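Secondary and tertiary structure notes
Below, each chain spelled out in residue letters.
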Amino acid sequence: MGKGVFFTSASILLAVIITATLRSSHHRHPTTSPPPATLTPNATHLLRSNGFNTIAALLHLAPDLLSPPQSTVFAAPDATIANLSVPPYLVKQLLAYHISPAKLTLQDLFKKPLKTCLPTSIPDHPISITKNDPKNRILEINNVLITHPDLFLHGPITIHGVAAPLVSFDRHQEIFKLPVCESDRTRGSISGSGFIKKKDEWGKVVKFLSTSGFMPFAIGLNSVTDGILKDFPDLESVTIFTAPNIALMAMPSPLLDKFMRFHIIPQRYSFRQLAGFPAGLSLGTLVHGRHVDITETSKLSQIVSINGLAITAPDLFVSKNFVVHGIARR
């Protein structure tokens, strides 16, 4: 797949997902969140004219990451981001790791000791100053050289261009590999082996659904994942029932949240396991006090119905912790 095609598809999916997420956040917290900073035309021009088109586009799609009062962006060149081959559902996380919620000019960075940990928009996942040479005007973050220092310094946003992304990506496991920030304050508290592992697992399901004919359900699932992880921190496995072409975007946020959770069982059940259950058995969902009923089962004819809806695409997605079944629409 060409780089341009990849980032076009990534940007489109990211735009849709962010729109759904922001709508959800607006309904839940209408007065507590201050408006985010916005990228000015001048900042956009400077990014684009220096080869940071992808970062410029993503910042416009996800302005919520430019949290007030101030932010510093470390922008990587287009080609280096393309080489990571990050799937669309992780692009926003990649961008968040390149934004620090503080104003950090090059001079500010030179004043900080080597191995200083700088916070990012991903809680508990800082970046680190790994080389600090004020005399030769050389500074590296996560062993990546700042090539365009103080590219933009006006208002609440500071932008530096860097030679490459500040993180590597494991394509096989689909997780980011983070350098360990080695300051005494955080030593041992950050693992370099993964990046929001639980959310990544949900992200794989979202990615699969979005490319398998279940895009509306994928968008809905993505919009409620954070809430599910917060409300069920010990959730180890789930069964998800999904249907194609559901009009979810028109649902108010509270209804969408309940709808999605009602389609998730806090236990992993393969189609074979479900077929072995007796008709009439109830299975609890992630909606408190609500359950779904197995209304028809037959191991012989391979039939399972949930609340009267047949499972038409069994075991669509299967992993150690997840199984997804496609169900018929009403």
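Refer to the structure printed above.
First, a word on scope: everything that follows refers to the structure included in this document. Everything quoted here is computed from the prediction, not taken from an experiment.

1. As for the packing of helix 2 (residues 41-49) against helix 3 (residues 53-61)
Contact geometry for helix 2 and helix 3: axes closest at 7 Å, N-to-C directions at 150°. Classified by the angle between their axes, helix 2 and helix 3 sit roughly antiparallel to one another. Residues T44, L47 and R48 of helix 2 form the contact with helix 3, whose own contacting residues are N53, A56, A57, L59 and H60. Looking at side-chain class alone, the contact of helix 2 with helix 3 contains four nonpolar, three polar and one charged residues.

2. Focus: the sheet that holds strand 6 (residues 144-152)
Taken in spatial order, the seven strands of this open sheet run 2-1-7-6-5-4-3, and their pairing is mixed. Two strands in the sheet have a free side with no partner beyond their single neighbour: strand 2 (99-100) and strand 3 (117-118). Helix-sheet contacts for helix 2 involve strand 1 (71-75), strand 6 and strand 7 (157-162), and the interaxial angle to strand 6 is about 145°.

3. Observations regarding the sheet that holds strand 16 (residues 322-327)
Across a sheet, paired strands are connected by hydrogen bonds in the backbone, their directions being either parallel or antiparallel. As summarised here, the arrangement of the seven strands in space is 11-10-16-15-14-13-12, forming an open sheet in which the pairing is mixed. Looking along the sheet, the strands with just one partner apiece sit at the ends: strand 11 (264-265) and strand 12 (282-284). Across three bridges, strand 12 lies against strand 13 (residues 291-298) in antiparallel orientation. Its bridge partner being in strand 13, G284 is matched across the sheet by H291.

4. Section: the packing of aromatic side chains
In this structure the tally under the stated criterion is three aromatic pairs. Look at Y269 and F277: their rings are 5.3 Å apart centre to centre, the planes differ by 85°, and that puts the pair in the edge-to-face class. According to the relative accessible area criterion, Y269 is buried, its value standing at 18%.

5. Brief notes about the environment of K258
Topologically, K258 is positioned in helix 9 (residues 253-262). Assessed through its relative accessible area of 46%, K258 is described here as partly exposed. Distance from K258 to L286, taken between C-alpha atoms, is 8.4 Å for residues 28 residues apart in sequence.

6. Focus: the pairing of strand 7
Each regular strand shows side chains that alternate between the opposite faces of the sheet. With six of its six residues buried, strand 7 lies for the most part within the structure. Residue alternation in strand 7 divides its side chains into two sets, I157, I159 and G161 and T158, H160 and V162, and both sets are buried. As defined by bridge partners, strand 1 adjoins strand 7 across five bridges and the pair is classed as parallel. Across the sheet, the residue bridging to T72 is T158, located in strand 7. As paired strands, strand 6 and strand 7 are joined by three bridges and run antiparallel to one another. Bridge pairing in strand 7 links F152 to I159. Once strand 6 ends, the chain turns through four residues before running back antiparallel as strand 7, passing G155 with a positive phi of about 70°.

7. Some points on the pattern of salt bridges
The tally for this structure, following the rule as stated, stands at three salt bridges. A salt bridge links K92 to D64; the shortest N-O distance between them is 3.0 Å. Residue K92 is found in helix 5 (residues 91-97), and its partner D64 is found in the loop between helix 3 and strand 1; the two are separated by 28 residues along the sequence. When its relative accessible area of 26% is taken as the criterion, D64 is described as partly exposed. Notably, a salt bridge pairs R261 with D231, separated by 2.8 Å at the nearest N-O pair. In this pair, R261 is assigned in helix 9 and D231 in helix 8 (residues 215-231), connecting sequence segments 30 residues apart. Through salt bridges that share partners, D231, D257 and R261 make up one connected network.

Cut-offs used in this document
- Residues numbered from 1 in each chain as written.
- Predicted model: local features only at pLDDT ≥ 70, side-chain atom pairs only at ≥ 80, totals over all residues.
- Heavy atoms only, no water.
- Axes fitted to C-alpha atoms, helices over the stretch in contact; angles between N-to-C directions.
- Helix = DSSP H or I, 4+ residues; strand = E, 2+ residues; numbered from the N terminus.
- Parallel < 35°, antiparallel > 145°, perpendicular 65-115°, else oblique.
- Contact = heavy atoms within 4.5 Å.
- Nonpolar A, V, L, I, M, F, W, Y, C, P; charged D, E, K, R; others polar.
- Pairing = 2+ DSSP bridges.
- Phe/Tyr/Trp six-rings, centres within 6.5 Å; stacked < 30°, edge-to-face > 60°.
- Buried < 20%, exposed > 50% of the residue type's maximum accessible area, 1.4 Å probe, protein only.
- Salt bridge = Lys/Arg side-chain N within 4 Å of Asp/Glu carboxyl O.

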